[in-house]
Each structure stands twice: as C-alpha cells, then as structure tokens.
Amino acid sequence: MTAELELESKTASQQFSSSKSSSENFDQSAVDHEVAAGVDIESGRPNPFVFLLTILVSFSGFLFGYDTGYISGALTSIGIDLGHELSDGDESFITSATSLGALLGGIIAGTLADVLGRKWVTLGANTLFIVGAIIQAAAHTVWTMIAGRFVMGWGVGIASLIAPLYISEMAPSRFRGRLVILNVLAITGGQVIAYAIGAGLEDVGNGWRVLVGLSIVPATVQMVMFIFMPETPRFLVSRGRIDEAKRVIRWVYSPRHQIVSESLVEKKVKLLEIYNNDQHPEWTKIQRFRYSLRQLLLVPENMRAVIIACMLQGIQQFSGFNSLMYFSSSLFAVVGFDHSTAVSLIVAGTNMVFTILAFILIDRVGRRRILLCTIPGMAISLVVAAIAFHYLPSDATGADPWAIVILLFMMCYVAFYASGIGNVPWQQSELFSMQVRGLGTSLATATNWAGNLTISSTYLTMMKNITPSGTFGLFAGLCMLGWLGVFLMYPETAYLTLEDIQGFLKSGFGIKKSQAMSREQRQKHIAAWAKKEGVEIVEAEHVAYADSAVEKQL
Ligand SMILES: O[C@H]1[C@H](O)[C@@H](O)[C@H](O)[C@@H](O)[C@H]1O
C-alpha cells in the first residue's frame, strides 16, 4: 500500500513506458525513502494488469469446474445417444475417466511447468480441453465418450495445477491468497453454470452435446489471449532470462498509471536470484528434473512442504465434499425431494457464495486460522446429518423434518467447506521453493485427484454397505483427523513472501515463528498506514480500528 501511495504522489509524471525512460526520469529520493523505510515491492496493490492476468488464467479454473460439473446433467440426458441406455458401469466409467485423466495430468503438470514454462503448459491444457470436448460432442459410442472425458481430464489436471501456480508467482504477497481464490471462485462458478445449463437442456434432444461443446468457447478465448501473456518473473529468473524478468516485474508491480522504481525492480530480481542460486540455466531438461527430485526428497524443508501440501489436498478430498457435488441429485432424491436437480444447484451455489467469504478472509484472518475454525464446523454438520439420516423414515418426503435437517446441515457443511478447505489447499505453490515448485505442486495436485477418484468411485458402495449415517460419520471422523494435522503441521503463510515461507520451513513446521512473522508483517502495514494518515496507535482497540480502516482503503 505505502509503496504505491508514495510512488503515486512522488512520481506522478512518470508514465508506464519503457524501462529506459523510467530510469532516466526516476525520482531517486522517493525510492531511497521507500527503500530506507524497508517498504518492499510486495506491499503494492495489484494493478489492472495483474487482475487481467488473474482473470485470464482463471478461465482454467472455470473449465475445471465446468467440465467436472456438467457430467451429472449430461448423464441424465444422454439416453440412447451413445448406442444404448447407459448402465451404472458405463456411467461410472464416463464420470471417473476425467478424474483418472486429471490424476495423470496433475502428476506431469508440475514437471512440464518447470521445463516448458507456465505459459506453454497453460496453452497445452487448452488444447486438451478443446480436443476432449470435440471427441465427446461427436461421440456415438460409450468408449468414444470415455476417451473424450479422459483427454479432457488431462487438461483438467494440468489446469488445476498451473492456474494457482501462475497466479501466486505473479501476485504481490499481500494479495496472493485472494487472487488465488479468484481461480477457485471460477471453479465453483463453472460448476454452478454447468449445473444450470444442464438443467435447462435436460429435455432437449442431443442437448448434452451442446452442454459439452460450450466448453470449447472459454478454452479457445483463453488460448488466444494467453499467447500474448508473459511468463512469470520467477520462472524467467530461474532460466537466467533476467531482462525479460525485469520487464514483467515492471508490468506486474507498477502502481496504477505509474512505473515502479528501478531499485525495487533490482531488489526483487536479486531476491529471486538468491532463491535460485543453485539452479543452472545451462542444464538439460533431464538434469533439471533429476536435481528437483533429489532436492524434493532429500532437503528437509522441501519434504515438509510436500507433507503439508499433500495433507491439505487429502483433507479437501477425503472430507467427502465431491460426493455431494457429483451425486447430490441422487442423494436428495433418496431424502425425498422432488426437484433434486434444483436442490443440487443450491449445493453448488452455496459452495460458490462461501468461496467469496473465503476471498474476503483468507489474507486478513490467515489460512491456518480459517482452517482451524471451519473444519470442526464441517465435522459437526456431518454428524448432525448422519443422525438425521438414522431417523429418516424410508418413505420420507421433502417435507419430513429430518429431510429438512439433512438439507440444512448439508448446506452448513458446504458453507464451512467453501470458506476454508475448499480453497486453502490451492495456495500450495507458496509452500515450495522455486527449485522444487513444479514437482512439489504436482505431488499435491495428484493427491487431490487420487482422493477425488477414490471418493467418487467408492461413495455409492459406501452408502449401500455402511449406510448414509455411517458414510457421513466416517467423513466427519476424517475431518477431525485432518484438523489435528492442520493444528500440528500447517504454519501461517498469510502476508509472507514466498521466500519467507521457505525460510521458516527450514527448521521445522515453524508454526509459532510463522504466526509471529505474519502478525509482524501485518502490523508493519498498519503502522505504515497510520504514519501516513498521522494517526497514533496506542491501544489495542485502536490497532483493531486502524486494521479495519486500512483494509477498507485497499
Ligand atoms: O477447490 C475445488 C472446489 O472446492 C470444487 O468445488 C471441488 O469440486 C474441487 O474438488 C475442489 O478442488
């Protein structure tokens, strides 16, 4: 904030042109003042260019949501269009082909991102989305449909890794959490839109082909626009492309209508170089991969990052949310609701609305605190739903009090999920150092899709074999196990730079240290604001006041 405000007032005449003119016209005293005051380049508010990049890359999130969301609607309207009535086996193969493809795509995505760069991998995912959609829309047999879903799944897996990675490498640290959540908002929005269009096309002949084909539009838009988008500065520095990195840093970190100071650009590049100091631009791709793998397995801070990232993705999936996402129509039909598709839309809508709450809270309250507060809420909601299932009469209708309790507490569960664990694991890239970021995020993403595949393929059997009460009770137990893992191992990362985070993981999980650092950074921002406004902060409530006032300004 202060970097931006000070620059805005002192370098108002500087235009966002070339680096040459910026260094010539540059008001050194303003920058010296900032550097002396320890104001980091990361303090700035994201400029319109960063927002544009975030929105563009979030098309990947939208496609992830849309492509995983449309299948339940498509399955109900396919009828005999694929040659015969779909059996249960056909349906589950068609559904899980995407999760399997995504698992495989997630495994290779990080390494590809390290080797080819973030931008080219995003373009590759777009190609898979488009090819997969064309195969499905033109399918006349079950196996062609499965093949299309599988190809698209690779795109989904790759996109689920690359979008948050790209955003977190572009975003100023104070806003990183929120910008990454915009991508999750796009996922949940994609799911809602897929459900809504699916419901609208349910009775239209071959409507499912339109539903599938529509996904080609955002994929093509993103692909065309992304050709002109830059690589991330972190990736460029890791390849020794320093001048390009500086250019992108100027675009990304310059305040609105201004240009960021050259000394802050230099400072940022130096910092990125320090964190890449053992990376050799002349290495071959194989050497680079072997090096990353060794670093990931043998360096304790990297191993800790892997444990945390995989644990969070595991909690997200094994808490059972996607069983609701994929099978909520059948669940609510069992409970006795007539318009079960509409009720499912409520589930997807609640997920999306509460993702907005997460957007507001994630950088202010912090990732760790949000999880510690929301996971018990998920577990309690699941336990109440499990009890209600136990008492639900077998011939219940939607008007049965127990049916209403189930619907209400399912919505509470989704709300708690979406405000916390539905989002936080996608902040995964911030845990890894540059040398292992691709590989580390791949492992975490693969954990997500392996969990997704396990839950979506066992849920119906579990409901039958251990009853709905048993299934939801089991998910509640897994949530609480996850809570313990978060309590013991997940440090606070809000307000910290990617480099700070890797620093404190060196000596353990760094829970206390990270909390202190995060608090300190936050207070620094408040103090800078107070100084500028001429406000003296003396009492605790004044700190709280300044805190909310400063946030309102941002
Ligand atoms: O973060 C997303 C989001 O919560 C989606 O709604 C869910 O379907 C995905 O599995 C998850 O990764």
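A. Molecular detail of the confidence of the model for the protein. With 87% of its residues at a pLDDT of 70 or more, the protein has an overall mean of 85. Between residues 1–39, whose pLDDT stays under 50, and residues either more than four places distant or in other chains, the model counts 65 contacts. Across residues 550–554, where pLDDT falls below 50, the model places 15 contacts with residues more than four positions away in sequence or in other chains. Across the interface, the model reports ipTM at 0.98; the global pTM reads 0.84.

B. Just the packing of helix α6 (residues 118–137) against helix α7 (residues 142–170), in detail. Viewed as axis vectors pointing N to C, α6 and α7 meet at an angle of 155°, and their least axial separation amounts to 8 Å. Here α6 lies roughly antiparallel to α7, going by the angle between them. For α6 against α7, the interelement crossing comes out left-handed. Along the lines of polarity and charge, the residues of the contact of α6 with α7 split into 17 nonpolar, six polar and three charged.

C. The site of the ligand, seen in detail. Lining the immediate surroundings of the ligand are 14 residues, of which Q191, Q316, N322, Y417 and G422 lie closest. Between the ligand and N351, the relevant distance is 2.9 Å, taken from an oxygen atom to a side-chain nitrogen or oxygen of the residue. Elements supplying a minimum of two residues to the shell around the ligand: α8 (176–201), α15 (300–318) and α16 (321–335). Looking at the shell around the ligand element by element, the count peaks at four residues for α8. Partitioned by chemical class, the residues of the shell around the ligand number six nonpolar, eight polar and no charged.

D. Expanded view of the pattern of salt bridges. Enumeration over the complete set of coordinates arrives at 11 salt bridges. A salt bridge links E169 to R437; its shortest N-O distance comes to 2.8 Å. One end of the pair, E169, is in helix α7; the other, R437, is in helix α20 (residues 437–465), with 268 residues separating them in the sequence. The exposure class of E169 is buried, given its relative accessible area of 1%. A salt bridge links E430 to R367; the nearest nitrogen and oxygen atoms lie 3.0 Å apart. With E430 in the loop between α19 (401–419) and α20 and R367 in helix α18 (residues 367–391), this residue pair connects regions lying 63 residues apart in the sequence. Summarising the burial analysis for this pair, E430 and R367 share the class buried. If you follow the salt bridges from partner to partner, you end up with R176, R178, D363, R367 and E430 in one network.

E. Just the packing of aromatic side chains, in detail. Counting across every chain of the model gives 13 aromatic pairs. Note on F62 and Y66: the rings are 5.9 Å apart at their centroids and 20° apart in plane angle, and the pair reads as stacked. Taken as a pair, F62 and Y66 lie in helix α4 (residues 48–78) at a separation of four residues, close to a single helical turn. A relative accessible area of 3% means that Y66 is categorised as buried. Pairing F64 with W449 gives two aromatic rings, centres 5.2 Å apart and planes at 50°, and the pair type is tilted. Residue F64 is located in helix α4, and its partner W449 is located in helix α20; the two are separated by 385 residues in the primary sequence. On the basis of relative accessibility, which here comes to 0%, the residue W449 falls in the buried class. Taken together, F62, Y66 and Y70 form an aromatic cluster joined through their ring pairs.

F. Up close: a nonpolar patch on the surface. A contiguous nonpolar surface patch, about 520 Å² in accessible area, is contributed by F289, L293, L297, L298, M303 and I307. Looking at the nonpolar patch, the elements with two or more residues in it are α14 (285–298) and α15. In terms of residues, the nonpolar patch owes the most to one element, α14, which gives four residues. Considering the arrangement of structural elements, one finds F289 in helix α14.

G. Representation of the side chain of T445. Residue position: T445 is located in helix α20. Of note is the side chain of T445, whose polar atom sits 3.0 Å from the side chain of Q428. Residues in contact with T445, not counting those within four places in the same chain, are G106, G157, S160, L161, W426 and Q428.

H. Broad picture of helix α5 (residues 88–116). Helix length check: α5 (29 residues) gives 40 Å between terminal C-alpha atoms against 42 Å at 1.5 Å per residue, within 8%. If you look at α5, its biggest bend is around 35°, right at A109. The positive-phi residue at the C-terminal boundary of α5 is G117, with phi of around 105°.

I. Quick look at α6. Relative to the 28 Å expected for 20 residues at 1.5 Å per residue, α6 spans 29 Å between its end C-alpha atoms, a close match to the ideal helical length. Along α6, the residues classified as buried are R118, K119, V121, T122, L123, A125, N126, F129, I130, G132, A133 and Q136.

J. Broad picture of the environment of L312. Within the fold, L312 resides in helix α15. Separated by 132 residues in sequence, L312 and A444 have C-alpha atoms that sit 8.3 Å apart. If we skip the residues at most four places from it in the chain, L312 touches L371, I421, V424, P425, V486 and Y490.

K. Summary view of the environment of E91. Mapped onto the secondary structure, E91 falls in helix α5. Look at E91 and you get partly exposed, because its relative accessible area is 28%. For E91 and E430, which are 339 residues apart along the polypeptide, the C-alpha to C-alpha distance reads 37 Å. Beyond its immediate chain neighbours, meaning those up to four positions away, E91 contacts L75 and L86.

L. Focus on the nonpolar core. Among the nonpolar cores identified, the biggest contains 71 residues, and Y70, L82, I94 and F129 are the most heavily contacted of them. If you tally residues by element for this core, the top one is α7, at 14 residues. Apart from residues lying up to four places away in sequence, Y70 is in contact with Q136, R149, M152, A194, L211 and V212. Counting 68 residues, the second largest nonpolar core, distinct from the first, contains A305, M378, Y417 and L431.

What counts and how
- Residues numbered from 1 in each chain as written.
- Predicted model: local features only at pLDDT ≥ 70, side-chain atom pairs only at ≥ 80, totals over all residues.
- Heavy atoms only, no water.
- pLDDT = per-residue confidence, 0-100.
- Contact = heavy atoms within 4.5 Å.
- Axes fitted to C-alpha atoms, helices over the stretch in contact; angles between N-to-C directions.
- Helix = DSSP H or I, 4+ residues; strand = E, 2+ residues; numbered from the N terminus.
- Parallel < 35°, antiparallel > 145°, perpendicular 65-115°, else oblique.
- Left-handed = near helix turned anticlockwise from the far one by under 90°.
- Nonpolar A, V, L, I, M, F, W, Y, C, P; charged D, E, K, R; others polar.
- Near = heavy atom within 4 Å.
- Polar contact = N/O pair within 3.5 Å; in protein donor to acceptor, adjacent residues only side chain to side chain.
- Salt bridge = Lys/Arg side-chain N within 4 Å of Asp/Glu carboxyl O.
- Buried < 20%, exposed > 50% of the residue type's maximum accessible area, 1.4 Å probe, protein only.
- Phe/Tyr/Trp six-rings, centres within 6.5 Å; stacked < 30°, edge-to-face > 60°.
- Patch = residues over 30% accessible without salt bridge, like charges linked within 9 Å, V, L, I, M, F, W, Y side chains within 5 Å.
- Areas by Shrake-Rupley, 256 points an atom, 1.4 Å probe, with all protein chains shown as cover.
- Expected span 1.5 Å × (residues − 1).
- Bend = angle between axes of the 7 residues up to and from the residue.
- Core = buried A, V, L, I, M, F, W, Y, C linked by side-chain atoms within 4.5 Å.

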